[in-house]
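Topology and contacts: notes
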Amino acid sequence: MLRLGAALPLHNLAPGQQVAYIQHAETSGYEGIWVPEVMGTDAFTVLAAASQVTQRLRLGTGIVPIYTRTPTTLAMTIATLDALSGGRAVLGLGVSSEIIIGAWHGLPFPKPLGAMREAVDIIRRLLRNERVTVAGKFFQVHNLRAHVPVPSDRTIPIYIGALNPGMLRLAGAIADGVILNWLPAAHVPRAIDAIATGAQRAGRTLADIDIACFIRACVTDDLETAHQWMRRELTSYAIVAAYHAYFTACGFGAEATACREAWQQGDRAGATQCISDAMVHAMAAIGSPEACRTQLASFVAAGVTLPIVFPFSYEADPVPSVLHTVQAIQA
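In what follows, the accompanying structure is described. Given the structure is predicted, the values throughout are model-derived calculations rather than measurements.

The secondary structure content of the chain amounts to 13 helices and twelve strands. The C-alpha radius of gyration computed for the chain amounts to 19 Å, which stays within 12% of the reference 20 Å derived for 331 residues, consistent with globular compactness. Structurally, the chain occupies a C-alpha span of about 55 × 40 × 40 Å along its principal axes. In the chain, 71% of the contacts between residues at least 6 apart in sequence involve partners at least 24 apart. Surface summary for the chain: the accessible area is close to 13800 Å², and the carbon and sulfur share equals 55%. Taking the 24 positively charged and 25 negatively charged side chains of the chain as two groups, their mean positions are separated by 10 Å.

Here it is in structure tokens:
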């Protein structure tokens, strides 16, 4: 049976709507929910509320940055969620972006690989209730035993959100899972090769790592409106240097470059139109439930072990549409 996760849509739903959506994902048969954190609501509070009204759904942060909370706080918070949910928590970590961390939070944005390695090491040790002293380059902890509420036989899974080869290799070396994002199915094998290289260097195998992937999805008959929404969404990423380079590596360099140049020249509408239909089709599942399932299956065939439906809506009130998408795909 195909494993399917669901992501909380990035539509600024009210907290009560978010919890209701998570309940809907459980009754629709999804394996787990993944709650992103950018602005608006935070991931942990929503998941804590959801833990009290769900029974079996895995509850994952998908994803939270390692810079906006200390590793100590992350360990305590995920341990608390795990206790509240009866052992269903999953910690999804990422590095976010210089804009979010630097401009929005006013924090340093150090080198991602070293910071992620240190953060995961500290969190794991604290979750084992070890006494921890770390004088790292990025994080420091002195003589701390956190006394987190995690049983000795329970290991809370840690997933790393990864785009580029270095972070993919690190995820292969130290994580229980990796979360891919904005990736065409055709480029999944390239990502898996990097994950496998990291795993091999650490004495692990690819079988030790769950390979999850966010896949934007919209079940709709209005294909053009959905495509236009996706063009705007992809534009917001393509104008960022890191994603411009990433989309180029995924084979969409011409679109990303044209989009970024138009944006820098103040042509917002023109920038959006630089995103091709081919890029939209590669990055999202749009159309009938059958068409969306076919697109999800292409990711599984390419090596993804956990496709995560990330629904979006072009409607003024997105709630009915995103609920319809998650239910129709799993039907």
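Here three bridges tie strand β6 (residues 132–135) to strand β7 (residues 140–144), and the two strands are oriented antiparallel to one another. Across the sheet, residue V132 finds its bridge partner in β7, namely L144. The hairpin formed by β6 and β7 contains four residues between the paired strands.

This structure, assessed with the given rule, holds twelve salt bridges. Two residues, R3 and E31, come together in a salt bridge whose shortest N-O distance is 2.7 Å. Of the two residues, R3 sits in the segment before β1 (5–7) while E31 sits in the loop between α1 (15–27) and β2 (32–35), which places them 28 residues apart along the sequence. D210 is the partner of R3 in a salt bridge, and the nearest nitrogen-oxygen pair spans 2.9 Å. Of the two residues, R3 is situated in the segment before β1 and D210 in strand β10 (residues 210–219); the sequence distance between them amounts to 207 residues.

When two helices pack together, their arrangement is given by the angle between the helix axes and by the axis-to-axis distance. Between helix α3 (residues 71–84) and helix α5 (residues 112–127), the shortest axis-to-axis distance is 9 Å and the interhelical angle comes to 45°. In terms of axis orientation, α3 runs oblique to α5. Both α3 and α5 take part in a crossing whose hand is right-handed. Contacts between α3 and α5 involve P71, T72, L74, A75, I78 and A79 from the former and A119, I122, I123, L126 and L127 from the latter. A class-by-class count of the residues in the contact of α3 with α5 yields ten nonpolar, one polar and no charged.

What follows concerns unusual backbone geometry. Cis rather than trans, the peptide bond between G62 and I63 has omega equal to 5°. For S96, which is not glycine, the phi torsion reads 65° and is therefore positive. Positionally, S96 belongs in the loop between β5 (89–94) and α4 (98–104). For S96, a relative accessible area of 32% translates into the label partly exposed.

Roughly 1300 Å³ of internal volume is contained in the largest pocket. S96, S97, I100, Y237 and Y243 are, among the 44 residues lining the largest pocket, the residues nearest its centre. Among the secondary structure elements, those contributing two or more residues to the lining of the largest pocket are β4 (64–65), α4, α5, α6 (165–174), β10, α8 (223–238) and α9 (241–264). By residue class, the composition of the lining of the largest pocket is 25 nonpolar, 13 polar and six charged.

Rules used in this analysis
- Residues numbered from 1 in each chain as written.
- Predicted model: local features only at pLDDT ≥ 70, side-chain atom pairs only at ≥ 80, totals over all residues.
- Heavy atoms only, no water.
- Helix = DSSP H or I, 4+ residues; strand = E, 2+ residues; numbered from the N terminus.
- Rg over C-alpha atoms; globule rule 2.2 N^0.38 Å.
- Contact = heavy atoms within 4.5 Å.
- Areas by Shrake-Rupley, 256 points an atom, 1.4 Å probe, with all protein chains shown as cover.
- Lys, Arg positive; Asp, Glu negative; His and termini not counted.
- Charge placed at Lys NZ, Arg CZ, Asp CG, Glu CD.
- Pairing = 2+ DSSP bridges.
- Salt bridge = Lys/Arg side-chain N within 4 Å of Asp/Glu carboxyl O.
- Axes fitted to C-alpha atoms, helices over the stretch in contact; angles between N-to-C directions.
- Parallel < 35°, antiparallel > 145°, perpendicular 65-115°, else oblique.
- Left-handed = near helix turned anticlockwise from the far one by under 90°.
- Nonpolar A, V, L, I, M, F, W, Y, C, P; charged D, E, K, R; others polar.
- Buried < 20%, exposed > 50% of the residue type's maximum accessible area, 1.4 Å probe, protein only.
- 1 Å grid on protein atoms, 1.4 Å probe; cavity = no way out; pocket = protein on both sides within 12 Å on 5 of 7 lines; lining within 4 Å.
- Points joined across faces, edges and corners; volume = space filled by probe spheres on them.

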